[in-house]
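These are the residues of each chain, in order.
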Amino acid sequence: LQNDDQASLLYPDGNHSAMDHAMPMTNSDLYDWEKYEKLLDQMRPTTYKPSIMALGSKIGKCWTGVDLSARSNCCLTPSWLTWKAVESSKPMAGKAIFSKISEGVPMFEELLKGSVNPNCPDDFLGVWWQRDGSGAETLITWHEADWKSKKEAAKQEIYGWTFTPSWMGYLVSAGRFSNTLPVDISPSGKWVRLGGNQFIYTVQPGDSFTDPDTGAKVEYIKAGDKMRVQLNDCLDPSKGWGWQYLVQQIAYKDATGKVVLTEHYDELKRRATYETASICYNNFVCCPTEDQEIQLYSSIRDEQFFYVRPDPDTEAAPADAEMDA
């Protein structure tokens, strides 16, 4: 994935992850919100046309005939071996958990296990869907991150992030074991910077988004949803943003600890379970119609794999044992 041509296919934005493989954040990396937040408010998105959907059938039809969507079984063996070798060299992460989106609550109970950092803001709790994001990753949690305060955190990218068991998902996850994502929230709470030009905007009551091609209102975007926005220049927000996708909460724990599904889960499950035009065990695509192409690159793989972060006491145990030895 270090090859520039390969990277440009997987991540048209130029990044090697839908939410970046960033280095740990230091105080000097914190964004100058006092200087830039008002400018960001002026440039906030008012249209929604996701441009980072999995390439899937667009590649399959035009170039190779191979299904490269999130459902693809192409090239599984070499990518699986690479991932397995890296996992074996990183025993602290534990073993991956495989589960299905269509199972609903049981999967989300696993993702929401473990301690909740007391500094995690309420609007970051639960399980979130990277709707229309890359085909390599699907769901994310934030509660287990190292929240230094209500406004600043560092998230270990291997934990609380579900990956697609495909050639792309295995390779992307293999690169996550040692990566940390910085989280820097603005004073108003409306904006988050994830390092570089990567931002999240939290949809506010009264916000409205339209399809830039038709002018029609996008009805499924709700207040509280989060929108990943790639700025062209974080030091000059007036240059606008390049692409976007939606991040929606699909499950959370209520006051009793019971996992509750949100209205967005139905669409997630639909995309994970509908039939596509892929043939031969999801290896090839043969002359799909335009509607079938949309289904292919919008599809999600039902099965996902992920790692749950151990509780802090468990994480510290091996180091303590080594010191005692």
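Here the structure is shown first, and the text comes after it.
First things first, this report covers the structure right here in the doc.

Another point: helix 2 (residues 33-42). Along helix 2, the residues that are buried comprise Trp33, Tyr36, Glu37 and Leu40. Down the axis of helix 2, the buried set is contained in an arc of 115 degrees. They therefore lie on one face. Among the exposed residues of helix 2, those oriented more than 90 degrees off its buried face are Glu34, Lys35, Lys38 and Gln42. Looking at the packing, one finds that the buried side of helix 2 touches strand 7 (180-185), strand 8 (191-193), strand 9 (198-202) and strand 10 (226-231).

Further remarks concern unusual backbone geometry. Positive phi is not limited to glycine here, since cysteine 75 has a value of about 55 degrees. Relative to the helices and strands, cysteine 75 resides in the loop between helix 3 (56-64) and helix 4 (76-89). Look at aspartate 132: it is not a glycine, yet its phi comes out positive at around 65 degrees. In this structure, aspartate 132 sits in the loop between strand 2 (127-131) and strand 3 (137-141).

This part is about helix 7 (residues 265-273). Three- or four-residue spacings in an α-helix give side chains the same orientation, since the helix completes a turn every 3.6 residues. Within helix 7 the residues assigned to the buried category are Tyr265, Glu267, Leu268, Arg271 and Ala272. Viewed along the axis of helix 7, the buried residues span an arc of 165 degrees, placing them on a single side of the element. Looking at the buried side of helix 7, the elements it contacts are helix 5 (105-111), strand 2, strand 3, strand 11 (241-253), strand 12 (259-261) and helix 8 (290-298).

Attention shifts here to empty space enclosed by the protein. Following the criterion strictly, the structure yields three cavities of 30 Å³ or more and no others. In this structure, the second largest cavity spans a volume of roughly 50 Å³. Taken together, the residues of the lining of the second largest cavity break down into four nonpolar, three polar and three charged.

On to the pairing of strand 10, then. Burial runs high along strand 10: six of the six residues are buried. The alternating pattern of strand 10 places Lys226, Arg228 and Gln230 on one face and Met227, Val229 and Leu231 on the opposite face, and all of these are buried. Relative to strand 10, strand 9 runs antiparallel, the two being bridged by five bridges. By the bridge assignment, threonine 202 is partnered in strand 10 with lysine 226. Relative to strand 11, strand 10 runs antiparallel, the two sharing six bridges. Note on strand 11: the bridge partner recorded for methionine 227 is leucine 246.

So, how was this worked out
Residues numbered from 1 in each chain as written. Predicted model: local features only at pLDDT ≥ 70, side-chain atom pairs only at ≥ 80, totals over all residues. Heavy atoms only, no water. Buried < 20%, exposed > 50% of the residue type's maximum accessible area, 1.4 Å probe, protein only. Helix = DSSP H or I, 4+ residues; strand = E, 2+ residues; numbered from the N terminus. Arc of directions from axis to C-beta. Contact = heavy atoms within 4.5 Å. 1 Å grid on protein atoms, 1.4 Å probe; cavity = no way out; pocket = protein on both sides within 12 Å on 5 of 7 lines; lining within 4 Å. Points joined across faces, edges and corners; volume = space filled by probe spheres on them. Nonpolar A, V, L, I, M, F, W, Y, C, P; charged D, E, K, R; others polar. Pairing = 2+ DSSP bridges.

What is shown is where atoms sit, not what they do.
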